[in-house]
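What follows is the residue order along each chain.
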Amino acid sequence: MPSFRRNAWASAAALLVSMISAQALAQDETTSTESTDASTSAEPSSHKLSYIGVTGSYIDLDKKRFPKDGTGINLLYGRQLGGGNWFWEAQLQTDVQETDTNGFTDFYRHAGGLDLVYSLNQRRTFSPFLLLGVGGDYTDVVPDSDDKWDFFANAGLGLVTKPLGTYGLRFR
């Protein structure tokens, strides 16, 4: 029963961290044009968007694997390409897989990657997005002879809320 409670608390904490940390939106490289003719409306400003994010994760492996579960954190920085719907994201991630065995170390995994993201609405409102990415990860296990670097590819589909509050925080 203690393992179930720990798993439930870890899941709740990972979900809470993911929801609270969300993403901050920053605007820079602002360019705008103003019209001096009252009959012509001003063109909208174009902003190159950038953002940072922190998310938590909970790993629940199947019964055939050892260890059984773990937790992690992911940091990312994203920036708009040009003025359209394309963005790139760089990310760093680390996680710990708990062995729950006395005298036996936990397993660790560290990773970094680069994603290409297509976002509807240029992330200015509630926006669905698609992403494709590649990266590498280092797995640190016991015995040390099994430590290794691996290539990974990822694909995803998600939603980002419109900016919330003064600081532009979003849920992803």
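Residues numbered from 1 in each chain as written. Predicted model: local features only at pLDDT ≥ 70, side-chain atom pairs only at ≥ 80, totals over all residues. Heavy atoms only, no water.

Novice: If you had to explain the environment of Thr99 to someone new, which residues and values would you point to?
Specialist: Among the structural elements, Thr99 can be located in the loop between strand 4 (86-98) and strand 5 (107-119). When the C-alpha positions of Thr99 and Pro67 are compared, they lie 4.9 Å apart, and in sequence the two are 32 residues distant. (Helix = DSSP H or I, 4+ residues; strand = E, 2+ residues; numbered from the N terminus.)

Novice: Talk me through a nonpolar patch on the surface; I want residue IDs and the actual numbers.
Specialist: A surface patch of nonpolar side chains, about 270 Å² in accessible area, is lined by Ile73, Leu75 and Leu92. Note that Leu75 resides in strand 3 (residues 69-80). The class for Leu75 is partly exposed, based on a relative accessible area of 43%. (Patch = residues over 30% accessible without salt bridge, like charges linked within 9 Å, V, L, I, M, F, W, Y side chains within 5 Å. Areas by Shrake-Rupley, 256 points an atom, 1.4 Å probe, with all protein chains shown as cover. Salt bridge = Lys/Arg side-chain N within 4 Å of Asp/Glu carboxyl O. Buried < 20%, exposed > 50% of the residue type's maximum accessible area, 1.4 Å probe, protein only.)

Novice: Outline the confidence of the model for the chain, listing residues and values.
Specialist: On average, residues of the chain score 75 in pLDDT, and 72% of them reach the 70 mark or higher. Low pLDDT (under 50) marks residues 15-44, which in the prediction has 58 contacts with non-local residues, meaning those over four places away or in another chain. (pLDDT = per-residue confidence, 0-100. Contact = heavy atoms within 4.5 Å.)

Novice: Please provide a residue-by-residue account of the pairing of strand 3, values included.
Specialist: For strand 3 and strand 4, the ladder comprises twelve bridges, and the chain directions are antiparallel. Bridge pairing in strand 4 links Tyr77 to Ala90. In this structure, the hairpin formed by strand 3 and strand 4 is closed by a connection of five residues, where Gly82 is found at a positive phi of approximately 65°. (Pairing = 2+ DSSP bridges.)

Novice: Give me the side chain of Arg170: which residues, what numbers.
Specialist: Following the sequence through the fold, Arg170 ends up in the segment after strand 7 (148-160). Here Arg170 occupies a buried position and makes no salt bridge, while the nearest side chain of opposite charge, Glu89, is found at 10 Å. In terms of polar contacts, Arg170 uses its side chain to reach the backbone carbonyl oxygen of Thr161, at 3.0 Å. (Lys, Arg positive; Asp, Glu negative; His and termini not counted. Polar contact = N/O pair within 3.5 Å; in protein donor to acceptor, adjacent residues only side chain to side chain.)

Novice: Give a detailed account of the nonpolar core, specifying residues and quantitative values.
Specialist: Leu49, Tyr51, Leu76, Phe87, Val117, Phe129, Leu131 and Val160 together form the largest nonpolar core, which totals eight residues. Mapped onto this core, the elements with two or more residues apiece are strand 2 (46-60) and strand 6 (127-140). Beyond its immediate sequence surroundings of up to four residues, Val117 is in contact with Asn85, Trp86, Phe87, Glu89, Arg123, Phe129, Leu130 and Leu131. (Core = buried A, V, L, I, M, F, W, Y, C linked by side-chain atoms within 4.5 Å.)

Novice: Describe the pattern of salt bridges, listing the residues and the values that go with them.
Specialist: According to the stated counting rule, one finds two salt bridges in the structure shown. For Arg109, the salt bridge identified is with Asp95, shortest N-O distance 2.6 Å. One end of the pair, Arg109, is in strand 5; the other, Asp95, is in strand 4, with 14 residues separating them in the sequence. Residue class for Arg109 comes out partly exposed when judged on its relative accessible area of 25%.

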